[in-house]
Amino acid sequence: MTTTADTRTMPRRTVQTHCPYCALQCAMNLTVTERPGEPDTFAVEGASFPTNKGRLCRKGSTAAELLTRRHDRLTSPLLRGEDGELHPASWEEALGRVATEIRRIQGERGADAVGVFGSGGLTNEKTYALGKFARVALGTAQIDYNGRFCMSSASKASTLAFGLDRGLPFPLTDLDSACTVLLLGSNVADTMPPFVQHLEGARATGGLIVVDPRRSNTAELTAEGGGLHIAPAPGGDLVLLLSVAQVVLEEGLADADYLQQRVSGLDSFRRSVTQWWPERAQSLTGVGADQIRLIARRLGHAARAARNGGDPVYILTGRGVEQHKDGTDTARAAISLALLLGLPGTRAGGYGTLTGQGNGQGGREMGQKTDQLPGIRSITDPSDRAHMARIWGVEPEALPGPGRPAAQLLHTMGHDDGVRALLVHGSNVAISAPDAARVVENLRALELLVVADFFLSETAAEADVVLPVLQWAEEDGTMTSLEGRVLRRRKLVEPPSSAPGSEGPGTGAPDSGPRSELWIWHELARRLGCSSTFPVEPAEVFAEIRQATEGAAADYSGLDWQLLDDGHAAYWPVPSALLGGESSLTGEPIIGTSRMFLERFAHADGRARLIAITPGRTPAPAPGELTLTTGRHMEHYQSGTQTRRVTALLEAHPEATIAVHPATALEHGLEEGADAVIANAQGEMTARVVWDAGIRTDTIFAPFHYAGQGTANLLTRALTDPQSGMPEFKNTPVTIRPAGVAGAARSETTSSKETTP
Ligand SMILES: Nc1nc2c(c(=O)[nH]1)N[C@H]1C(S)=C(S)[C@@H](COP(=O)(O)OP(=O)(O)OC[C@H]3O[C@@H](n4cnc5c(=O)[nH]c(N)nc54)[C@H](O)[C@@H]3O)O[C@H]1N2
Ligand SMILES: Nc1nc2c(c(=O)[nH]1)N[C@H]1C(S)=C(S)[C@@H](COP(=O)(O)OP(=O)(O)OC[C@H]3O[C@@H](n4cnc5c(=O)[nH]c(N)nc54)[C@H](O)[C@@H]3O)O[C@H]1N2
Ligand code: SF4
Ligand SMILES: [Mo]
C-alpha cells in the first residue's frame, strides 16, 4: 500500500479527493506511483478538512487496496449463456442484449415492466443521469434506490417538520462547541470514527447522552465526565421521546417564545403526549421513569442556558431509531423535542440526522427516488414536471408518475404486476434488502437482470448481464456530504484494461474493459431510440444539474464545477454564486447556505410543524423469543462487496457474529465463540456467538455485512413504514440455539402475521 524508498524517483501523482465510503466524506490525498512493467502502488493519507480534521478510519486508510485488486475485478461485460454460466462478452454484445430484451419486455408488458435500482453511493452526476435514463429513455415509473433503506424515515420527517430535508442543516463543526448532544441510535465511534472529534466538547462536560440497546463503542464514550447511556428495548425510542417531551412540557422547560414565533401545531402535539408520563412509558420502553426525567431536565436546562448565550445543544438521530416500521414518527418525535427546546434554526443548537452513504445526501435529491425529480422536485407537481420536461426535451405528459418504493419494488418483481426486468447500479440487494432470501428468489424470477458493479457482488452473480464499471478514483464527479456540502471526487487512474494477460473474470474479450455508467446510459438510450441527450462527461452533466435544480428546494444552480475544483466550501441551496458571505473554519469563502432556517423554515408560512404522534402497537416478543437488531462493524462497509476484499478488514472480522448477553447465552446454552443458529419464519442465519455484557438481555445484535448463512437479512421482514417505505431492520423477533441442535419446526409465530402496510 505504501510506497517504498526505491520508488521515490518513480513518477508519482497525487490528487486530493474524498473517501469512497461513508457520508463523512473524509478528505484524503491519494497518490499513485507508476512503476514501469509493474503494477501501480497507491498511498492514502488523511487530509485537512473540517469533517475529518486529517483523520481517516480503517476503511478509508485501506481504500486504495481495491484499486490494485486484479484477480476478481470485473474487466469485461459478462453474459449468461445457455449453459447457465456467465461468459465474457464485448460491450457491443452486452448492450445489444440489454436493449433488445428491454424492448421485448416493454413491448409485451408496457414501460413499467422494467425497473431501475440506484444507490446513495453514486455521484450526483450518475444519480441524476440514472433518474433521467429511467424516466426518459425507459419511460418507467419503477425507479427507486437503496437510500430508501437508509435515509428515508429521517428525510420524510425533516420534510414534514421543516419543509425541507438536509441531513445536517448546519456545518458539522458547529457540534464542536456543544455542551449537550443527545445521540439516538447512532454508533459513530464505529460508523464514522473521525466524527467522534466533534463530540469532544459535549463529552468533556458530561453532556453526551447516547440511546442504544447496546453499550456500543459510542455509548462507551459517555463513561467519562458523567454522560448518560440509555438502553431502551429496540423500537422503544418513539415512546421514550414522547415521554421526554411530556416532561419538558409538564415542567415548563419548553421555549414558549420560540414556539409562539416559529412553530405551529403545539396544541395538538401537547395533547398527544400528555398520556406519556414517565411511569407509563417505563414499561413500554424499558427505560426507568427517573432516567426519562433526567434526560428531559438535562436537555431542558442546557437548552435554556444555550438560549442565553451558553453552549449549544443538539439532537441527532441515526439508523438505530430510523430503521423501524415507525421510523418516520420516531425521527419526527426527535425533531419535535428539538422544537420544544427552541433549537432548530437558531444558534442555540439544532436537530440533524447522520446521513450514511457517501452520497446519501445528493443521492436523495437528484431524482432517483421514485416520487422525486431532481432538486427534490415532486414528480406529481405540474410545474416541477414541466420544468424537467423542458430540460429533458420531452412533453410533461410523457414523464411517468411515482412508482413503488424499494422494498415493494423488490418484493413484487418477477411476479404478478411487478417488474420483469431490473437494472441495478450500486447496490447489493441480495445481502442488504429485507427478507433477502425472497429477494434472491425474485431476482431469479426476472426475465432480465442487469447489474453494474466493479466486483461480482452476490447480486451481480445472479445477473443475466453484468456490466463492469469504474470505481471511485477512476472517475470524476461530485458528492454531497452529510452536511450538505458539495465535494469533488477526483480521478487519479485509468481502470484496468481487459487486455489479454491481465487477470480477472472475463479477461481478453475484445471491446471490453470497465466503462463509466454515464457512457453506458448514453449508449443504451441511443439503442433504445431515445432522442434526449445523455452527456458522458461529468462536468457536462453537472451543468445540466444546475439548470434542473434552479429554483428548486435543493438548488445547485449557483454552483460551479471550477469553484468546487478550486476547493471552495459549497453548501446547497445555492441559488446563485454568492461568494464570501461567511467564512468557513479553514478560511475559504463559503458558497451557498451552511446554516439553514436561521430566519424561516421552508414551509410556505416559514414555520416549523409539530404534529400529534400516536405510536402503534409493537407486539412484545413471545416467550422464548429475543429481539434481533442489526447494524455495523467498524471494519466492514454495508453488504461488504468492497471491504470483504480488503485483506486487513476481512481478517479483522472474517465472519458474521451475534452479540448475546452472557445471561441470555447461558440460558440458551450458547458458548462464546461457538456457532449459533438464529431463526424465525423468514429463515435462518448462522453466526459466531460473542458474549457482550453491554447488550440488553432481551436483545441480540448482528452486523448485516456477510454473505451465505451469515446474512442477517435472511431474518428481517419486508414490513415497512407506511410514511417512508423504510423496512423494519432493527426489531425482528427470533429464536436462538446452538448450531447442531435441532430447531423447532419453523414457527409461524414471529410476526408473519403482521403484513406490509
Ligand atoms: N463501518 C461502517 N461504517 C458505515 C457503514 C458501514 O456499513 N460500516 N455504513 C454507512 C451507512 S450507509 C450508514 S446508514 C451509517 C449508519 O450508521 P449508524 O446509524 O451508526 O449504524 P448502525 O450500526 O446501523 O446503527 C447504530 C446503532 O443503533 C443501535 N440500535 C439498534 N436498534 C436500535 C433501536 O431500536 N433503538 C436505538 N436507539 N438504537 C438501536 C445499534 O445497536 C447501533 O449501535 O453508517 C455509515 N458508515
Ligand atoms: N439488516 C440490515 N440491513 C440493512 C441495513 C441495516 O442496518 N440492517 N442498512 C441499510 C442501509 S442504511 C444501506 S445504505 C443499505 C446498503 O446496502 P447496499 O445497497 O447493498 O450497499 P453497498 O454494500 O454499498 O452496495 C454497493 C454495491 O455497489 C457497488 N458500487 C459501489 N459504487 C458503485 C458505483 O459507483 N456504481 C456501481 N454500479 N456500483 C457501485 C459496490 O461494489 C457494491 O457491490 O443496506 C441496508 N440494509
Ligand atoms: S469515516 Fe467514512 S469517509 Fe471517513 S475514512 Fe471512514 S469510511 Fe471513509
Ligand atoms: Mo445507509
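Residues numbered from 1 in each chain as written. Chains lettered and ligands numbered in written order. Predicted model: local features only at pLDDT ≥ 70, side-chain atom pairs only at ≥ 80, totals over all residues. Heavy atoms only, no water.

You'll find the chain entered in an unreviewed UniProt entry as Assimilatory nitrate reductase catalytic subunit, with Nesterenkonia xinjiangensis given as the organism.

## Focus: the layout of surface pockets
Put simply, the rule reads: Only protein atoms enter the 1 Å grid used here, on which a cavity is any set of points holding a 1.4 Å probe that cannot leave and a pocket is any open set flanked by protein within 12 Å on both sides along at least five of seven lines; residues with an atom within 4 Å of a point are listed as lining. Grid points are joined across faces, edges and corners, and a volume is the space filled by probe spheres set on the points. Helix and strand assignments come from DSSP, with helices taken as H or I runs of at least 4 residues and strands as E runs of at least 2, each series counted from the N terminus. Amino acids are sorted into nonpolar (Ala, Val, Leu, Ile, Met, Phe, Trp, Tyr, Cys and Pro), charged (Asp, Glu, Lys and Arg) and polar (every other residue, Gly among them).
By volume, the second largest pocket is sized at about 460 Å³. As for the second largest pocket, its lining consists of 23 residues, and the residues nearest its centre are K156, T159, K369, D371 and Q372. Ranked by the residues each element gives to the lining of the second largest pocket, the list is headed by helix α5 (residues 152–162), at 5 residues. Per-class residue counts for the lining of the second largest pocket are 6 nonpolar, 10 polar and 7 charged.

## Details of the packing of helix α4 (residues 124–138) against helix α21 (residues 538–549)
Threshold: Here, axes are lines fitted to C-alpha atoms. For helices the fit covers the stretch in contact, and angles between N-to-C directions go from 0 to 180 degrees. An angle below 35 degrees is treated as roughly parallel, one above 145 as roughly antiparallel, one from 65 to 115 as roughly perpendicular, and anything else as oblique. Each crossing gets its hand from how the near helix is turned against the far one by less than a right angle, where anticlockwise is left-handed and clockwise is right-handed. We call two residues in contact whenever any of their non-hydrogen atoms come within 4.5 Å of each other.
Orientation of α4 relative to α21, taken along the N-to-C sense of each, is 70°, at an axis distance of 9 Å. It follows from the interaxial angle that α4 and α21 lie roughly perpendicular. Where α4 crosses over α21, the two elements pack in a sense that is left-handed. Contact residues: α4 offers N124, E125, Y128 and K132, while α21 offers P538, V541, F542, E544, I545 and A548.

## Overview of the sheet that holds strand β5 (residues 86–88)
Defined as follows: Here, strands pair whenever DSSP counts at least two bridges between them.
Pairing within the open sheet is mixed, and its 7 strands lie in the order β5-β4-β18-β17-β16-β6-β7. One side of each edge strand has no neighbouring strand; the edge strands of this open sheet are β5 and β7 (143–145). Across the sheet, the mean angle from the axis of one strand to that of its neighbour is 20°, orientation sign disregarded. Bridging between strand β6 (residues 114–118) and β7 involves 3 bridges; their strand directions are parallel. Following the sheet pairing, V116 is matched in β7 by I143.

## Details of empty space enclosed by the protein
Over the atoms rolls a probe the size of a water molecule, and in doing so it shows where empty space is left. What the rule picks out here adds up to 5 cavities of 30 Å³ or more. Taken as a whole, the largest cavity holds about 710 Å³ of empty space. Lining the largest cavity are 42 residues, and of these S119, N146, Q357, G426 and Y637 sit closest to its centre. Elements that contribute at least two residues to the lining of the largest cavity include exactly β17 (448–453) and β24 (626–631). Grouping the amino acids of the lining of the largest cavity by side-chain chemistry returns 16 nonpolar, 19 polar and 7 charged. In this structure, the second largest cavity is lined by 39 residues; those nearest its centre are G185, N187, T191, R319 and R632. At the level of elements, α6 (188–191), α14 (319–322) and β24 are the ones that each hand at least two residues to the lining of the second largest cavity.

## Some points on the nonpolar core
In plain terms, the rule: In this description, a nonpolar core means a group of buried Ala, Val, Leu, Ile, Met, Phe, Trp, Tyr and Cys residues linked to one another through side-chain atoms lying within 4.5 Å. Burial classes: relative accessible area under 20% of the type maximum marks a residue as buried, over 50% as exposed, and values in between as partly exposed (1.4 Å probe, protein chains only).
The biggest cluster of nonpolar side chains holds 169 residues, and the ones touching the most others in it are F133, F195, L337 and L340. It is helix α9 (residues 237–250) that contributes the most residues to this core, 10 residues altogether. Not counting the four nearest positions on each side in its chain, F133 is found in contact with L138, L423, W521, L524, A525, L528 and F534. If you look at the next biggest cluster of nonpolar residues, it comprises 23 residues, including L74, V439, L443 and A460.

## So, the confidence of the model for the chain
To be explicit about the condition: What pLDDT conveys is the predictor's confidence in a given residue, as a value from 0 to 100.
For the chain, per-residue confidence averages 93 on the pLDDT scale, and residues scoring 70 or more make up 94% of the total. Confidence drops under pLDDT 50 across residues 746–757; counting only partners more than four residues distant or on other chains, this segment forms 28 contacts.

## Here's the deal with the packing of α9 against helix α13 (residues 289–307)
Put simply, α9 and α13 touch, their axes get as near as 9 Å, and they point 60° apart. It follows from the interaxial angle that α9 and α13 lie oblique. In this structure, α9 meets α13 at a crossing whose hand is right-handed. Where α9 approaches α13, its residues L240, S243, V244, V247 and V248 are matched on the opposing element by I292, R293, I295, A296 and L299. Among the residues making up the contact of α9 with α13, the classes are represented as 8 nonpolar, 1 polar and 1 charged.

## Quick word on the side chain of E474
Inspection of the secondary structure puts E474 in the loop between β18 (465–468) and β19 (477–480). Aside from chain neighbours lying at most four places away, what touches E474 is L67, R73, K491, V493, E494, P495 and P496.

## What about the site of ligand 3?
Spelled out, the test is: Definition of nearness: a residue and a molecule or strand are near each other if at least one heavy atom of the residue lies within 4 Å of the molecule or strand.
Every residue lining ligand 3 is accounted for by C19, Y21, C22, L24, Q25, C26, L56, C57, K59, G60, M192 and P194. For the shell around ligand 3, a count of residues per class yields 9 nonpolar, 2 polar and 1 charged.

## Considering the site of ligand 1
Going by this rule: Definition of a polar contact: a pair of N or O atoms within 3.5 Å, with one able to donate and the other able to accept a hydrogen when the atoms are protein atoms, and with sequence-neighbouring residues admitted only if both atoms are side-chain atoms. In this description, accessible areas are obtained by the Shrake-Rupley approach with a 1.4 Å probe, and a residue is regarded as covered only by the protein chains that are shown. Assignment of a molecule to a cavity or pocket requires that more than half of its atoms lie within 2 Å of the corresponding grid points.
In the neighbourhood of ligand 1, 34 residues make up the surrounding shell, with D212, D237, R632, H636 and Q638 lying closest. Between an oxygen atom of ligand 1 and a side-chain N or O atom of D212, the distance comes to 2.6 Å. Between ligand 1 and the protein, one listed contact pairs an oxygen atom with a side-chain N or O atom of H324 at 3.0 Å. Its free accessible area being 910 Å², ligand 1 has 99% of it covered by the protein chains. Among the detected pockets, ligand 1 sits in the second largest cavity. At the level of elements, α6, α14 and β24 are the ones that each hand at least two residues to the shell around ligand 1. Here the element with the most residues in the shell around ligand 1 is α14; it accounts for 3 residues.

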